[in-house]
Amino acid sequence: MKSIYIGNMAYSATKEQISELFERFGKVHSVKIILDKESKRPKGFCFVEMDDSCALEAIAKLDNEEFLGRRLKVNEAKSKKE
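Description of the structure in this document.

Basis of the calculations
Along each chain, the written sequence defines residue order, and numbers are assigned to residues from 1. Given that this is a predicted model, residues contribute local features only at a pLDDT of at least 70 and side-chain atom pairs are listed and counted only at 80 or more, while totals for whole chains, interfaces and linings are drawn from all residues. Side-chain descriptors were evaluated using all non-hydrogen atoms of the structure, hydrogens and water having been removed beforehand. Between any two strands, pairing holds if DSSP finds at least two bridges. Helix and strand definitions here come from DSSP, where helices need a minimum of 4 consecutive H or I residues and strands a minimum of 2 consecutive E residues; each element is numbered from the N-terminal end. All axes here are fitted lines through C-alpha atoms, helices being fitted over the stretch that makes contact, and every angle between N-to-C directions spans 0 to 180 degrees. Between two residues, a contact is recorded if the distance between any of their heavy atoms is within 4.5 Å. Each Phe, Tyr or Trp ring (for Trp, its six-membered ring) is paired with any other whose centre lies within 6.5 Å, and the angle between the two planes then decides the class: stacked below 30 degrees, edge-to-face above 60, tilted in between. Burial here depends on accessible area, computed with a 1.4 Å probe over protein chains only, as a share of the maximum for the residue type. Under 20% is buried, over 50% is exposed, and the range in between is partly exposed.

Considering the sheet that holds strand 2 (residues 28-35)
If you trace the 4 strands from one edge of the open sheet to the other, you get 2-3-1-6, paired in antiparallel fashion. The open sheet terminates on both sides in strands that have one partner only, identified here as strand 2 and strand 6 (73-76). Neighbour to neighbour, the strand axes of the sheet diverge by 20° on average, direction disregarded. Sheet topology places strand 1 (residues 2-7) next to strand 3 (residues 42-50); 5 bridges connect them, and they run antiparallel. Note that in strand 3 the partner of Ile6 across the bridge is Cys46. Most of the contacts of helix 1 (residues 15-22) go to strand 2, to which it runs at about 135°, and overall it touches strand 1, strand 2, strand 3 and strand 6. Packed onto the sheet, helix 2 (residues 52-62) meets strand 1, strand 3 and strand 6 and runs at close to 20° relative to strand 1.

Structural notes on the packing of aromatic side chains
Under the criterion given, the structure shown has 3 aromatic pairs. Ring centres of Tyr5 and Phe45 lie 5.8 Å apart, and the angle between their planes is 40°; this geometry places the pair in the tilted category. With Tyr5 in strand 1 and Phe45 in strand 3, the pair connects residues that are 40 residues apart, well separated along the chain. Under the relative-accessibility criterion, Tyr5 is labelled partly exposed at 27%. Ring centres of Phe45 and Phe47 lie 6.0 Å apart, and the angle between their planes is 85°; this geometry places the pair in the edge-to-face category. In this structure Phe45 comes out as partly exposed when scored by relative accessible area, which is 22%. On the accessibility criterion, Phe47 (25% relative accessible area) is partly exposed. Ring-pair connections join several aromatic residues into one group, and the members of that group are Tyr5, Phe45 and Phe47.

Put into structure tokens, the structure is as follows:
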């Protein structure tokens, strides 16, 4: 399973919309929208978990794609240690 970072995301994007976008490439195991600790508003990025082969295709096809009026930055998530 791979974790995918999605940046430059519309603040209005929902888990359902993101899941729907990525499900074109395979099963989405989870979507985690990152919220600001104080305001509880989305920070404009999230993480999606998918099977390895599906994730690589999703990254290749969705990086720099327009979604809800913003050009997404999509790449493999790096661990916190990196």
